[in-house]
Amino acid sequence: MVQIGSAPFTYDARNDWEQMPAGMRLHETPGVAVSADDTVYLLTRNVDNPMVVFDREGNFLRTFGQGVFTNRAHAVRVASDGLLYCADDGSHTITKWTPQGELLLTIGTPGVSSGKFSGLPFNRPTDVAVSPIDGALYISDGYGNARIHKYSPEGNLLLSWGEPGIGAGQFMVPHNIAFNPSGDLLYVADREAHRVQVFDTTGRHIVTWHDIHRPCGLAVGPDGNVYVGEQRTGTFMEGSLNLGHAVSVFSPDGRLFARLGAPEEGEGPGQFIAPHSIAVDSSGSVYVGEVSWTEAGRHLDPPRDLKSVKKLVHL
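These remarks concern the structure in this document.

**So, empty space enclosed by the protein**
Argument step 1. Applying the stated criterion across every chain, the model contains 1 cavity of 30 Å³ or more.
Argument step 2. Considered as a void within the structure, the largest cavity measures approximately 50 Å³ in volume.
Argument step 3. Contributing to the lining of the largest cavity are Pro30, Gly31, Val32, His74, Ala75, Val76, Arg77, Asn176, Gly217, Leu218, Ser277 and Ile278.
Argument step 4. Looking at the lining of the largest cavity, the elements that each hand over two or more residues are strand S3 (31-34), strand S7 (73-78), strand S19 (215-220) and strand S23 (275-280).
Argument step 5. The element contributing the most residues to the lining of the largest cavity is S7, with 4 residues.
Argument step 6. Class assignment for the residues of the lining of the largest cavity results in 6 nonpolar, 5 polar and 1 charged.

In structure tokens, the structure reads:
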């Protein structure tokens, strides 16, 4: 057992949680979500089995989504009613699914994007959050836009805000998005600005959190705390210690409680390469999905799939 963190954020870091059927692979795991009954949904970039579903012990249950998702599937969320919402930046769409894999709704036209930085939906959307108050959908339109869109539960556009920049309410890749438990605050991981911005449901900026390195995955746990996956660094600092490849836990008002992960990136227990998505189950255990192929595996000689999902069992 490899133990990381310190009380009350102490975990058994497990690398062997998911029990994959023979011949099936994840490739990499940009999205992870957990339902109220602790069913775990992994959104992968293997187009043969895009959504792979497990129970909390890691037993395989089913797969679905073949023929719908591209190899740029990006994020999955489970709403309070158990329905799933997914972002695919390759198809420029948001999709809604039953837990068994029935496609219920598609927002956006598959394969058709808006103009880059036009502010119009969608150009490579990255995530979706579902309001626990009224079921409205808040979508981060992050790679080809710098925008948050609010949609009705039926898929009608109601409101948009944001533009490129580093000021309050501006974005440099709004990457992941999540509500606090009461549904009155929206946390946005503004990745390339190295910050989390907090808004109300009308898009009014409340506060900005700093001292975060390239925040990617962002989820609010049952404890109300905000769990953030910090992605590896790039450019001149590539390969350095203590920059990215970590999971951080913040209070609802932005105080850092814990930063989990070894100084060196890697595949081993307690190490990370590129945390891209986060989910927290009812016991406080944390699931981390990584884009380890995109960030590292494809650059190896020879290229290979790297570990892309890890479970931190809360102790």
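What follows continues from the structure just given.
**Looking at the side chain of Gln231**
Argument step 1. As for its position among the elements, Gln231 is in the loop between strand S20 (226-230) and strand S21 (246-250).
Argument step 2. Given the relative accessible area of 1%, Gln231 is considered buried.

**Notes on the pattern of salt bridges**
Argument step 1. Per the counting criterion, the structure on display carries 17 salt bridges.
Argument step 2. Asp89 serves as the salt-bridge partner of Arg124, at 3.0 Å between the closest nitrogen and oxygen. Of this pair, Arg124 sits in the loop between strand S10 (103-107) and strand S11 (127-130) while Asp89 sits in the loop between strand S8 (84-88) and strand S9 (93-97), and the two are 35 residues apart along the sequence.
Argument step 3. Overall, Asp89 belongs to the buried group, its relative accessible area being 2%.
Argument step 4. Among the salt bridges present, the one from Asp253 reaches Arg255, with a minimum N-O distance of 3.1 Å.
Argument step 5. Owing to a relative accessible area of 52%, Asp253 belongs among the exposed residues under this scheme.
Argument step 6. If you follow the salt bridges from partner to partner, you end up with Asp38, Arg56 and Asp281 in one network.

**Considerations on the sheet that holds strand S16 (residues 186-190)**
Argument step 1. The antiparallel open sheet is built from 4 strands, whose spatial order is S15-S16-S17-S18. Of all the strands in the sheet, just strand S15 (174-179) and strand S18 (205-209) have a single pairing partner and so form its edges. Going from strand to strand, the sheet's axes swing by 20° on average, the running direction of each strand aside.
Argument step 2. Here strand S17 (residues 195-199) pairs with S18 via 4 bridges, running antiparallel. Bridge pairing in S18 places Val198 opposite Val207.

Scoring rules and cut-offs
- Residues numbered from 1 in each chain as written.
- Predicted model: local features only at pLDDT ≥ 70, side-chain atom pairs only at ≥ 80, totals over all residues.
- Heavy atoms only, no water.
- 1 Å grid on protein atoms, 1.4 Å probe; cavity = no way out; pocket = protein on both sides within 12 Å on 5 of 7 lines; lining within 4 Å.
- Points joined across faces, edges and corners; volume = space filled by probe spheres on them.
- Helix = DSSP H or I, 4+ residues; strand = E, 2+ residues; numbered from the N terminus.
- Nonpolar A, V, L, I, M, F, W, Y, C, P; charged D, E, K, R; others polar.
- Buried < 20%, exposed > 50% of the residue type's maximum accessible area, 1.4 Å probe, protein only.
- Salt bridge = Lys/Arg side-chain N within 4 Å of Asp/Glu carboxyl O.
- Pairing = 2+ DSSP bridges.
- Axes fitted to C-alpha atoms, helices over the stretch in contact; angles between N-to-C directions.

Interpretation note: all reported values are geometric properties and have no functional meaning in isolation.
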